[in-house]
Amino acid sequence: MSKRTVEFEQGGQSHLMSQRAIDRLKNDLPIVKAEYERASRAIGETGEGSDWHDNFAFEQAHRDFEVARERYFGVLQKLENPVIIEPRKGTNDVGIGNTVRIQFVDEDSIDTLHVLGSVDAAVFRDSISSDSPLGSNLLGRRRGDSITYEVGRERVTVKIVD
């Protein structure tokens, strides 16, 4: 990934995501649009013929509308200017697009994670955001490195297995 791509992502003008995330968001778009339109109609239906100050249904319809609006425009914004993360293979250091296998200290299991953008991390269980505490600490590291990072007040150590 070029330095320019990372600068754009940090500037908030574009969104780093895999093609898989783009496809998922495109699939979700008609669903969240329908929810938004339904919530908009519900405001009118619950507010008819009553004083809005004493109408719980009207207030709830407004809350539902705000949630639906945020979801709908959030999906639209993410799809507006995506930067596709290409898988990185044959590299010596961890970067956005790599699949990495890590082992948490004091655990026997090995976890496989895809270091991607925040959109992927929010959508897919096997992804980790490059902006997260673990993800950002993995960037630039190599196989065999141990990393200690903080989550809240807890210090966590992982080893890069592969």
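Residues numbered from 1 in each chain as written. Predicted model: local features only at pLDDT ≥ 70, side-chain atom pairs only at ≥ 80, totals over all residues. Heavy atoms only, no water.

1. What to know about the confidence of the model for the protein
Put simply, the protein has an average pLDDT of 85, and 87% of its residues get 70 or more. The lowest-confidence element of the protein is helix α1 (residues 3-10), averaging 39 in pLDDT; the highest-confidence one is strand β3 (residues 99-104), averaging 93. Across residues 1-11 the pLDDT falls below 50, and counting only partners more than four positions away or on other chains, this stretch makes 11 contacts in the model. (pLDDT = per-residue confidence, 0-100. Helix = DSSP H or I, 4+ residues; strand = E, 2+ residues; numbered from the N terminus. Contact = heavy atoms within 4.5 Å.)

2. Points about the pattern of salt bridges
On inspection of all chains with the given rule, the structure shows eight salt bridges. A salt bridge links Arg71 to Glu35, with the shortest nitrogen-to-oxygen separation between them at 2.8 Å. Here the residue Arg71 occupies a position in helix α3 (residues 56-80), and Glu35 occupies one in helix α2 (residues 19-47), the gap between them amounting to 36 residues. Here Arg71 falls in the partly exposed class, since its relative accessible area comes to 43%. Its relative accessible area of 27% is what places Glu35 among the partly exposed residues. Across the pair Arg69 and Glu66 runs a salt bridge, and its minimum N-O distance is 2.6 Å. Taken together, the residues Arg69 and Glu66, both in helix α3 and three residues apart, mark about one turn of the helix. Classification of Arg69 by relative accessible area gives partly exposed; the value is 29%. Assessed through its relative accessible area of 34%, Glu66 is described here as partly exposed. What emerges from the salt-bridge pattern is a single network uniting Glu66, Arg69 and Glu70. (Salt bridge = Lys/Arg side-chain N within 4 Å of Asp/Glu carboxyl O. Buried < 20%, exposed > 50% of the residue type's maximum accessible area, 1.4 Å probe, protein only.)

3. Comments concerning the packing of aromatic side chains
All chains considered together, the criterion is met by four aromatic pairs. Ring geometry for Tyr36 and Tyr72: centres 5.1 Å apart, planes at 20°, overall stacked. A residue pair is termed long-range when its members are at least 10 positions apart, and Tyr36 in helix α2 and Tyr72 in helix α3 qualify at 36 residues. In this pair, the class of Tyr36 matches that of Tyr72, namely buried. A connected cluster of aromatic rings, assembled from ring pairs, spans Tyr36, Phe65, Tyr72 and Phe73. It is Arg20 that lies over the ring of Phe124; its NZ or CZ is 3.7 Å from the centre. (Phe/Tyr/Trp six-rings, centres within 6.5 Å; stacked < 30°, edge-to-face > 60°. Lys NZ or Arg CZ within 6 Å of the ring centre and 35° of its normal.)

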